[in-house]
Amino acid sequence: MARALELARQGLYSTHPNPRVGCVIVRDGQIVGEGWHVRAGEPHAEVHALRQAGELARGATAYVTLEPCSHFGRTPPCAEALVQAGVARVVAAMQDPNPQVAGRGLERLRSVGIEVCSGVLEAEARELNVGFIKRMESGLPHVRVKLAMSLDGRTAMASGESQWITGPAARAAVQRLRARSSVVITGADTVLMDAARLTVRSDELGVSPEQAALALGRPPLRVLVDGRGRVPLSAPFFQAGPALVVTALDTPVDYVAAGHECLALPGEGEHVDLAALLRTLAGRGANEVLIEAGPRLAGAFAQQGLVDEFQIFMAGKFLGSSARPLLDWPLQRMAEVPELRIREIRAVGDDWRIIAVPA
């Protein structure tokens, strides 16, 4: 199963909106077939592994990181492929949270006498597909907020200057976060102050050429939250390719004529309804959403309880007391302070990455 998970991770940048899945087929103690799901619309992991195993799949054990699908989608059901191949046993890391499957794949296998086992390395399998699982179970994507700060918790000088707080290794880690995400969300302040494009740059990913090609073949949807339509179409963000602009205006700038998409989601005042935005993105198949924004927009997502995970990159420098804070989140009393559980602290080049989740 560990090998199957390793295979599944090869689809980290390319399977959206599908889950990342790997499969290993073993007969007489030897691996006879391996496969992983590359991208939506193409064969699933089980099919690749069965093709490699051929007749050796008959009587073998298939290890798969997610319950084999039991429904016809863009590809035939994998449970049926395993039945037809004559495998004797199927070991799944976890049950598929997709309501169209949800145990039916395993039940189909049992119905023809195939031995079934589930729950092997389930925690690792869930972590690999945390966004897909959340979308299936709640109708919302998994939301990460990426932040870069100094040792004194500042993100930019008072003027807005912020490039570069962290070093090349941290920036490569952020590129990989972008590449694995279905959607990258930013705000008007970031685009105006930093001339941000929010694209995936293959030369900064720090992965193999094969993985870089997969990442570039399935770039994340870039979303600009611009409640008042402040960002001009001449901005580098719009020159970098098609984007989705989310505004609170009834009559927004004509983004569509310039090749972009526009979505009006008015909330309170001139602000965008962020919860409605996440529901809309999930409805479009978004599993993982990365927020790369300034303190106001990032703080708004945090205040509304919409963040599942904070990834904070900390550089060994001070920006001073007049510099901008990490989040715009006014808190008055200790009783209001949100608690976080730190899951990981790791050196990334000369910087540190802190991964924290709401407690």
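Every value quoted in this text rests on a predicted model; they were computed, and no experiment measured them.

So, on to the sheet that holds strand β2 (residues 30-36). Taken together, five strands build an open sheet; the order of strands is β2-β1-β3-β4-β5 and the sheet is mixed. With one partner strand each, in any of the chains shown, β2 and β5 (115-118) form the two edges of the open sheet. This sheet shows a mean twist of 15° between the axes of neighbouring strands, independent of strand direction.

Inspection of the secondary structure assignment puts R135 in helix α6 (residues 130-138). There is no salt bridge for the buried R135, and the closest opposite charge comes from D96, which lies 9.1 Å off by N-O distance. Here P17 takes part through its backbone oxygen, which lies 3.1 Å from a polar atom of the side chain of R135. When near neighbours in sequence (up to four residues on either side) are disregarded, R135 contacts P17, L140, A282, G285, A286 and N287.

Next up on the list: the UniProt feature "binding site: Zn(2+)" (unreviewed entry) in the chain. In the numbering used here, UniProt assigns the feature "binding site: Zn(2+)" (unreviewed entry) to H44, C69 and C78. Over a stretch of 35 residues, the named residues converge on one spot in the fold, their C-alpha atoms separated by at most 9.2 Å. Structurally, the position occupied by H44 is in the loop between β2 and α2 (45-53). In this structure, C69 sits in the loop between β3 (61-64) and α3 (78-85). Excluding its chain neighbours within four sequence positions, the residues that come into contact with C69 are H44, P76, P77, C78, A79 and V101.

All right, on to helix α4 (residues 104-111) then. Within α4, burial applies to G105, L106 and L109. Taken around the axis of α4, the buried residues stretch over an arc of 100°, which confines them to a single face. For α4, the secondary structure elements touched by its buried residues are α3, β4 (89-92) and β5. Phi turns positive, to about 90°, at G113, one or two residues after α4.

So, about the side chain of N287. By the secondary structure assignment, N287 is in the loop between α12 (274-283) and β12 (288-291). A distance of 3.0 Å separates the side chain of N287 from the backbone oxygen of P17, its partner in a polar contact. Aside from chain neighbours lying at most four places away, what touches N287 is H16, P17, N18, G131, F132, R135, P141, H142 and S182.

Moving on, we get to the domain arrangement of the chain. Partitioning the chain into structural domains gives domain 1 (1-128) and domain 2 (139-358). Using C-alpha coordinates to define each centre, domain 1 is positioned 34 Å away from domain 2. At the junction of the two partners, domain 1 supplies 14 residues and domain 2 supplies 14 residues. Of all residues in domain 1, Y13, H16 and E127 give up the largest surface area on contact with domain 2, accounting jointly for 59% of the area buried on that side. Its salt-bridge partner being E127, residue R343 comes within 3.3 Å of it at the nearest N-O pair. At the surface where domain 1 touches domain 2, the tally comes to eight residue pairs in polar contact (both at pLDDT 80 or more).

Quick notes on the rules
Residues numbered from 1 in each chain as written. Predicted model: local features only at pLDDT ≥ 70, side-chain atom pairs only at ≥ 80, totals over all residues. Heavy atoms only, no water. Pairing = 2+ DSSP bridges. Helix = DSSP H or I, 4+ residues; strand = E, 2+ residues; numbered from the N terminus. Axes fitted to C-alpha atoms, helices over the stretch in contact; angles between N-to-C directions. Buried < 20%, exposed > 50% of the residue type's maximum accessible area, 1.4 Å probe, protein only. Lys, Arg positive; Asp, Glu negative; His and termini not counted. Salt bridge = Lys/Arg side-chain N within 4 Å of Asp/Glu carboxyl O. Polar contact = N/O pair within 3.5 Å; in protein donor to acceptor, adjacent residues only side chain to side chain. Contact = heavy atoms within 4.5 Å. UniProt positions renumbered as here; feature names shortened; annotations may be inferred. Arc of directions from axis to C-beta. Domains from an automatic or database assignment. Buried area = accessible area lost by both parts, 1.4 Å probe.

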